[in-house]
Amino acid sequence: MAETRTISIHSYRGGTGKSNITANVAAGLARRGKRVCIVDTDIQSPGIHALFDVDPRTLRHTLNDYLWGRCRVEETAVDVTAAVNEEAEGSGRPPITGTVMLVPSSLRTGEIARILREGYDVNALNDGFRDICGALDLDYLLIDTHPGVNEETLLSIAISDCLLLVLRPDVQDYQGTAVALELARRLEVPQLFLVVNKAMSSLDFSAVSDRMLATYKSPVAAVLPLSEDLILLGSNGLASERHPDSGFSQGIQKILDRIEEGEEA
Ligand SMILES: Nc1ncnc2c1ncn2[C@@H]1O[C@H](COP(=O)(O)OP(=O)(O)OP(=O)(O)O)[C@@H](O)[C@H]1O
Ligand SMILES: [Mg+2]
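This is a predicted model, so every value here is computed, not measured. (Residues numbered from 1 in each chain as written. Chains lettered and ligands numbered in written order. Predicted model: local features only at pLDDT ≥ 70, side-chain atom pairs only at ≥ 80, totals over all residues. Heavy atoms only, no water.)

Caption draft 1: Expanded view of the overall build of the protein. Summing up its helical and strand segments, the protein has eleven helices and eight strands in all. In summary, the protein has a C-alpha radius of gyration of 17 Å against a globular reference of 18 Å for 265 residues, a match within 12%. With the C-alpha coordinates aligned to their principal axes, the bounding extent of the protein is approximately 50 × 45 × 35 Å. In the protein, buried positions account for 55% of the 265 residues. Pairs at least 24 residues apart make up 80% of the contacts formed inside the protein by residues separated by at least 6 positions. Accessible surface, the protein: about 11600 Å² in total, of which carbon and sulfur atoms supply 48%. Within the protein, the 38 negative side-chain charges are centred at a point lying 3 Å from the centre of the 25 positive side-chain charges. (Helix = DSSP H or I, 4+ residues; strand = E, 2+ residues; numbered from the N terminus. Rg over C-alpha atoms; globule rule 2.2 N^0.38 Å. Buried < 20%, exposed > 50% of the residue type's maximum accessible area, 1.4 Å probe, protein only. Contact = heavy atoms within 4.5 Å. Areas by Shrake-Rupley, 256 points an atom, 1.4 Å probe, with all protein chains shown as cover. Lys, Arg positive; Asp, Glu negative; His and termini not counted. Charge placed at Lys NZ, Arg CZ, Asp CG, Glu CD.)

As structure tokens, this is what we get:
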């Protein structure tokens with residue numbers, strides 16, 4: 001693939017499942033042979049490294065270091081492919097043929113505080129997104145975001161080829177999603193999908209999907225079930241690699257199919 005495609009995973013409210021969905025989608029794309037890098041732009045409350053069992057104390061550089069001009073953006077990337085393969089051990093799956101990398105944000109209190117106090121140059125983040133695609137020869141750049149609307153989410157949505165907007169079946173999420181959708185439409189994101197997460201198994205998933213489409217006029221890539229596997233994992237692993245036949249994993253496959261449709265566009 002010649003060009004990198006950028007996908008932002010966003011939600012208006014917190015805790016919808018963005019980071020878990022991002023990590024599982026990244027693993028799934030790599031299983032389909034792609035070179036993928038995730039950037040944790042949740043600088044205020046980073047977390048996605050946990051899904052790949054990355055110990056923050058072992059990190060040489062983080063996104064913060066890049067934003068402060070201490071290193072090149074590609075120096076912040078950690079190869080987590082081995083961690084993905086470890087997750088699949090025991091499920092009988094072969095090793096993945098692609099690559100998963102992660103640009104983590106700092107978990108040091110002082111560094112988080114500095115970003116909150118001083119802010120950072122959003123243009124540098126924009127340059128970083130662009131430069132890392134070429135430097136690491138990526139097929140996909142996945143951007144895990146902080147909930148709500150702030151400068152980095154606006155930037156990431158604006159530069160994305162595809163946006164996954166995650167919401168729970170919850171009226172508070174519904175209203176916030178309308179705001180996020182309006183923004184994405186104004187920013188003219190080429191591919192836009194809703195992902196409903198944490199749906200109770202007693203719900204009729206296709207009815208939920210139809211209702212979302214009717215309300216938001218946006219396609220639903222998948223309705224993902226509230227999953228005991230994910231609750232038990234507690235963000236310390238990849239449910240789709242451990243249990244590839246579960247309802248959650250089947251939903252992740254549907255998201256991957258929709259994402260890959262965009263490659264032809
Ligand atoms: N389908 C699911 N079933 C059960 N639990 C889930 C599911 N998806 C996510 N979770 C759980 O919900 C919690 C929040 O998930 P996650 O951190 O991925 O959300 P987030 O949107 O990234 O949160 P934040 O807004 O804080 O960044 C985690 O404990 C995770 O294990
Ligand atoms: Mg998150």
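Caption draft 2: Local environment of the nonpolar core. The biggest cluster of nonpolar side chains holds 41 residues, and the ones touching the most others in it are Val25, Phe52, Val100, Leu142, Leu164 and Ile255. Ranked by the residues each element gives to this core, the list is headed by helix H1 (residues 18-31), at seven residues. Sequence-distant contacts of phenylalanine 52, that is, excluding residues within four places in its chain, are made with Ala23, Ile38, Val80, Ala83, Val84, Val100, Leu102 and Leu238. In this structure, Leu67, Cys71, Cys133 and Leu136 belong to the second largest nonpolar core, which totals 24 residues. (Core = buried A, V, L, I, M, F, W, Y, C linked by side-chain atoms within 4.5 Å.)

Caption draft 3: The arrangement of a nonpolar patch on the surface in detail. The grouping of Tyr12, Val149, Leu154, Val179 and Leu187 at the surface amounts to a nonpolar patch, some 360 Å² of accessible area in total. Mapped onto the elements, leucine 187 comes out in the loop between helix H7 (171-186) and strand S7 (191-199). For leucine 187, a relative accessible area of 30% corresponds to the partly exposed category. (Patch = residues over 30% accessible without salt bridge, like charges linked within 9 Å, V, L, I, M, F, W, Y side chains within 5 Å. Salt bridge = Lys/Arg side-chain N within 4 Å of Asp/Glu carboxyl O.)

Caption draft 4: Highlighting the site of ligand 1. Taken together, 18 residues lie around ligand 1, and Lys18, Asn20, Asn197, Lys198 and Ser227 are the ones closest in. The contact in question runs from an oxygen atom of ligand 1 to an N or O atom on the side chain of lysine 18, over 2.7 Å. Lysine 198 places a polar side-chain atom, nitrogen or oxygen, 2.8 Å from an oxygen atom of ligand 1. About the coverage of ligand 1: the protein hides 79% of its 640 Å² of free accessible area. When contributions to the shell around ligand 1 are tallied by element, the ones reaching two or more residues are H1, S7 and helix H9 (228-233). Of all the elements, H1 adds the most residues to the shell around ligand 1, at three residues. Its residues assigned to classes, the shell around ligand 1 comprises six nonpolar, nine polar and three charged. (Near = heavy atom within 4 Å. Polar contact = N/O pair within 3.5 Å; in protein donor to acceptor, adjacent residues only side chain to side chain. Nonpolar A, V, L, I, M, F, W, Y, C, P; charged D, E, K, R; others polar.)

Caption draft 5: Molecular detail of the sheet that holds strand S1 (residues 5-10). One open sheet accounts for eight strands, arranged S3-S4-S2-S5-S1-S6-S7-S8; its pairing is mixed. Sheet topology places strand S3 (78-79) and strand S8 (220-225) at the edges, where each strand pairs with a single neighbour. Sheet topology places S1 next to strand S6 (residues 162-167); four bridges connect them, and they run parallel. Within S6, the residue paired with isoleucine 9 across the bridge is leucine 164. Along the sheet face, helix H5 (residues 122-135) touches strand S2 (35-40), strand S4 (99-103) and strand S5 (140-144) and points at about 145° away from the line of S5. The sheet contacts of helix H8 (residues 205-216) involve S6, S7 and S8, and relative to S8 the element is tilted by about 140°. (Pairing = 2+ DSSP bridges. Axes fitted to C-alpha atoms, helices over the stretch in contact; angles between N-to-C directions.)

Caption draft 6: Structural view of the packing of aromatic side chains. Counting across every chain of the model gives zero aromatic pairs. For the cation-ring pair, arginine 114 lies above tryptophan 68, with the distance from its terminal atom to the ring centre recorded as 4.1 Å. (Phe/Tyr/Trp six-rings, centres within 6.5 Å; stacked < 30°, edge-to-face > 60°. Lys NZ or Arg CZ within 6 Å of the ring centre and 35° of its normal.)

Caption draft 7: Expanded view of the side chain of threonine 41. Counting through the fold element by element, threonine 41 comes out in the loop between S2 and helix H2 (63-67). In this structure threonine 41 comes out as buried when scored by relative accessible area, which is 1%. With sequence-adjacent residues up to four places away left out, threonine 41 is seen in contact with Leu63, Phe129, Ile143, Asp144, Thr145, His146 and Glu152.

Caption draft 8: A look at H7. A rise of 1.5 Å per residue sets the reference length of H7, with its 16 residues, at 22 Å; its end C-alpha atoms lie 23 Å apart and thus fit the reference within 8%. Asp173, Gly176, Thr177, Ala180, Leu181 and Ala184 are the residues of H7 that are buried. Down the axis, H7 shows its buried residues gathered within 150° of arc, on one side only. Exposed residues on H7 whose side chains face more than 90 degrees from its buried face are Val171, Gln175 and Arg186. Among the residues of H7, the N-terminal cap falls to aspartate 170, whose side-chain oxygen and the backbone nitrogen of glutamine 172 are separated by 2.7 Å. Backbone geometry just after H7 places glutamate 188 at a positive phi near 55°. (Expected span 1.5 Å × (residues − 1). Arc of directions from axis to C-beta.)

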